[in-house]
Amino acid sequence: MFKDHANIINAISTAGEISGRKKLQKIVYIAKKLSFPFHEKFQFHFYGPYSEELTLRIEELCEMGYLNEVREKKAGYYQYCYSITDAGQDFLSIQEVEMPALEACLLDMNEQNARFLELVSTVLYFDTLEKAEVTEKIFTLKSKQKYTLEEIDEAYAYIDQLKTKAKPN
Amino acid sequence: MEYSREKLQEEKVFKDPVHRYIHVRDRVIWDLIGTKEFQRLRRIKQLGTTYLTFHGAEHSRLSHSLGVYEIVRRIVDDVFEGRPEWKPEERLLSLCAALLHDLGHGPFSHSFEKVFDLDHEQFTQQIIVGDTEVNKILLKVGRDFPKKVAEVIAKTYKGKLVVSLISSQIDADRMDYLQRDAYFTGVSYGHFDMERLLRVMRPREEHAVIKQSGMHAVEDYIMSRYQMYWQVYFHPVTRSAEVILTKILHRAKHLYEAGYEFAQEPHHFYSLFKGEVTLADYLKMDEAVMLYYFEAWEEENDAILKDLCTRFVNRKLFKYVEFHPSNNQMNRLMELRTLFKKAGIDPDYYLVVDSSSDLPYDFYRPGEEEERLPIHLLKNNGEIRELSRESEIVDAISGKRRTDHKLYYPADLLRDESTKKNIKKQIRELLELAD
């Protein structure tokens, strides 16, 4: 019961704090694509893969008092930061969440900016396509982000790096 | 003549209770309707378990798919045609995507996907690009055509206007299901002036806009949507049936993994249980097949599977109380779980929290993090304004999410005092269940 809730709380607890809804969405999606057991469904939206189910779950967890949401003013817009509460820690302590390899991946992803994670998650979303096709998709669907070929190469390299970290020892 | 331009000698029409007539003139559309993958949608109900609450809600995903096709056909043929922003070469693509957008739905989609960790959208993609009758027809239009149709449905197609016709906050999908579901459930909500909406819709590069004069029709549409979600889609009795259905599937999977010998072997479920479901397996599964197993499993030796199936088939549903997730309530839930175990009622199957949540309308402004495409109004002076900035009614509900949590339990088992009388009494008191 509440296993999916516990997985999300565990991810935020492991990361310490995640700044921005977009970043949180992309981190969970990338973790899911790395085969960590997140079960939220994702669809392609403006910023790449997005899960309405995850948005709902986060809201629910805030309502339950397990997550803390703080609205912060950034340059010209608002951003939401998420961290675990004491009640969330208590809840997590009675749940069985076993994802030892997740920590290294999460900490790494949390150090990246949302724009780069958007690119990484988009590359992963099209992972059945050849790199040339993926590049074309990014240039067409994400033209406003103006990603460069170098950034796309970086995203591929980063995915390889994460896959190594995600492998159980 | 090119297959993509081929017209039927005589127009075919389907009588439809919502749109009066559905008109088919294109050979491609007619051929797609005749495929076995599309016909399978007759055996999947549009509203899943809702028929257990609203007995009329027996309509299928096939009728909804035809309805979405008809709305898109009216938009592109009667409203967009001849306008410079509309590319006529995208007409057939739009019609095919509209017709096929729900092709991958499984039986009782929501529970089915949740338990077996599946995604109907992925199966829609597979049916369109895989070795199927649908794919063969689309390939006759062009080598890349199946891929393009799949991309429109997956929202990854480069032409955003086409995508927005099928998937946005004011799209043909919603326009059909609100009216169709209202008609078949018999509720008085869900009605709005679609003819008016279509007449004032105008194509733009990335999405359709609504002329300012149609603002009140849009307001009506948004309020209809709001009412339908809470009066029909999230009806607590329907959710009770959904909870039981989910638990049946969980139980059957659990029994399979535990090596249980089923009296009625679940042949259709094996690949699902193993997590190795192929497209062919998936297409064989529909609601008629699933209900056959539920009836057969009423005779199983496993008491939980037998009981849950009997409940579903005979509509002996769980009762519910409001549940507000908070520390206190979570502690009460844990206490209830312990008492259920003591009473010999497995809480994993018989004590379930279910949540529903809806955001009737949302918009995003540049720089904000939201992900929904807003509805745009086209003013007389050519200016485009986001809907909630012009409509006070929409502004009042914009961005306001409503969530509802309920705790489901089997009242009949808790009232049965032939065993564990005192513990059951304690449970009833905690649930504030009258004797």
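Quantities reported herein were computed from a predicted structural model and do not represent experimental measurements.

Basis of the calculations
- Residues numbered from 1 in each chain as written.
- Chains lettered and ligands numbered in written order.
- Predicted model: local features only at pLDDT ≥ 70, side-chain atom pairs only at ≥ 80, totals over all residues.
- Helix = DSSP H or I, 4+ residues; strand = E, 2+ residues; numbered from the N terminus.
- Rg over C-alpha atoms; globule rule 2.2 N^0.38 Å.
- Contact = placed C-beta atoms within 7 Å.
- Buried ≥ 20, exposed ≤ 12 C-beta atoms within 10 Å, placed from the backbone.
- Pairing = 2+ DSSP bridges.
- Axes fitted to C-alpha atoms, helices over the stretch in contact; angles between N-to-C directions.
- Left-handed = near helix turned anticlockwise from the far one by under 90°.
- Nonpolar A, V, L, I, M, F, W, Y, C, P; charged D, E, K, R; others polar.
- Parallel < 35°, antiparallel > 145°, perpendicular 65-115°, else oblique.
- Core = buried A, V, L, I, M, F, W, Y, C linked by C-beta atoms within 7 Å.

Enquirer: Residues and numbers for the overall build of chain B, please.
Expert: Helix and strand counts for chain B come out as 23 helices and nine strands. Relative to the globule expectation of 22 Å for 435 residues, the C-alpha radius of gyration of chain B, 24 Å, shows essentially globular dimensions. Considering only C-alpha atoms, chain B reaches an extent of 75 × 50 × 40 Å along its principal axes. Counting only contacts in chain B whose residues sit at least 6 apart along the sequence, the fraction spanning at least 24 positions is 68%.

Enquirer: Which residues make up the overall build of chain A, and what values do they have?
Expert: Regarding its fold elements, chain A presents eight helices and five strands. Since a compact globule built from 169 residues should have a radius of gyration of about 15 Å, the 16 Å found for chain A is in line with a globular shape. Across its three principal axes, chain A shows a C-alpha extent of roughly 45 × 45 × 25 Å. Here chain A holds 169 residues, and the buried ones make up 37% of them.

Enquirer: Any details on the sheet that holds strand β4 (residues 67-74) of chain A? Residues and values, ideally.
Expert: Either a parallel or an antiparallel arrangement is found when strands of a sheet pair, and the pairing is made through backbone hydrogen bonds. All names here are of chain A. Judged by pairing direction, the sheet is antiparallel, and its three strands sit side by side in the order β1-β5-β4 without closing on themselves. Two strands in the sheet have a free side with no partner beyond their single neighbour: β1 (18-19) and β4. For β4 and strand β5 (residues 77-84), the ladder comprises eight bridges, and the chain directions are antiparallel. In the strand pairing of β5, Leu-67 is matched with Ile-84.

Enquirer: Explain the pairing of β5 of chain A residue by residue, including any values.
Expert: Across two bridges, β1 of chain A lies against β5 of chain A in antiparallel orientation. Opposite Ile-18 of chain A, over in β5 of chain A, you have Tyr-82 of chain A as the bridge partner.

Enquirer: How would you sum up the sheet that holds strand β3 (residues 201-203) of chain B? Please name residues and give values.
Expert: All names here are of chain B. Spatially, four strands are ordered β3-β4-β7-β8 in an open sheet, and the strand pairing comes out mixed. Whereas interior strands pair on both sides, the edge strands pair on one side only; in this sheet they are β3 and β8 (384-386). If you compare each strand with its neighbour and ignore which way they point, the axes differ by 40° on average. Note: strand β7 (residues 376-378) against β8, three bridges, orientation antiparallel. Counterpart to Leu-378 in the pairing with β8 is Ile-384.

Enquirer: Run through the packing of helix α2 (residues 21-33) of chain A against helix α6 (residues 114-125) of chain A, naming residues and quoting values.
Expert: Residues and elements named next belong to chain A. The contact between α2 and α6 brings their axes to 9 Å, and the two run at 35°. The hand of the α2/α6 crossing is left-handed. Note on element contacts: α6 touches α2 through Ala-114, Leu-117, Glu-118, Val-120, Ser-121 and Leu-124, opposite Lys-22, Lys-23, Lys-26, Ile-27, Tyr-29, Ile-30 and Lys-33. The residue makeup of the contact of α2 with α6, split by class, is seven nonpolar, one polar and five charged.

Enquirer: I'd love a proper account of the interface of chain B and chain A, names of residues and values included.
Expert: It is common to give the size of an interface as the accessible area lost on bringing the parts into contact. Tallying the contact residues gives 18 residues for chain B and 24 residues for chain A. Residue composition of the side of chain B that touches chain A, by class: two nonpolar, seven polar and nine charged.

Enquirer: Quick rundown of the environment of Thr-85 of chain A? Include the residues and the values.
Expert: Residue and element names in this part refer to chain A. Note that Thr-85 resides in the loop between β5 and α4 (86-93). Taking the C-alpha atoms as reference points, Thr-85 and Ile-9, 76 residues apart in sequence, are found 9.6 Å from one another. Setting aside its immediate chain neighbours within four residues, Thr-85 contacts Gly-65, Tyr-66, Leu-67 and Asn-68.

Enquirer: Tell me about the environment of Gly-106 of chain B, and name the residues and values.
Expert: All names here are of chain B. Structurally, Gly-106 can be placed in the loop between α4 (91-100) and α5 (109-116). Gly-106 gets classed as buried once you count the C-beta atoms within 10 Å, which come to 23. Sequence-distant contacts of Gly-106, that is, excluding residues within four places in its chain, are made with Phe-112, Glu-113, Leu-118, His-120, Tyr-282 and Met-285.

Enquirer: Just give me the short version of the packing of α6 of chain A against helix α8 (residues 149-166) of chain A, but keep the residues and values in it.
Expert: Residues and elements named next belong to chain A. Across the interface, α6 lies against α8 with an axial gap of 9 Å and an inter-helix angle of 75°. With respect to α8, the element α6 is oriented roughly perpendicular. Residues Leu-119, Val-120, Val-123 and Leu-124 of α6 pack against Glu-151, Ala-155, Tyr-156, Tyr-158 and Ile-159 of α8. Broken down by class, the residue content of the contact of α6 with α8 amounts to eight nonpolar, no polar and one charged.

Enquirer: Tell me about the nonpolar core, and name the residues and values.
Expert: Generally speaking, soluble globular proteins have nonpolar side chains that are buried together. With 69 residues, the main nonpolar core has Val-72, Cys-96, Leu-100 and Val-149 of chain B as its most contacted residues. Leave out the neighbours within four places in its chain, and Val-72 of chain B touches Ser-94, Leu-95, Ala-98, Leu-165 and Ala-172 of chain B. Counting residues in hydrophobic clusters, the runner-up holds 42 residues, among them Ala-11, Phe-38, Ile-58 and Leu-162 of chain A.

Enquirer: Which residues make up unusual backbone geometry, and what values go with them?
Expert: Here the phi dihedral of Ser-35 of chain A falls at roughly 80°; this positive angle occurs in a residue that is not glycine. Mapped onto the fold, Ser-35 of chain A is located in the loop between α2 and β2 (43-45). Ser-35 of chain A sits in the exposed class, given 11 other C-beta atoms within 10 Å. Even without glycine at this site, Arg-20 of chain B takes up a positive phi of about 65°. Looking at where Arg-20 of chain B falls in the secondary structure, it is placed in strand β2 (residues 20-26). In this structure Arg-20 of chain B comes out as exposed when scored by C-beta crowding, with 9 C-beta atoms within 10 Å.

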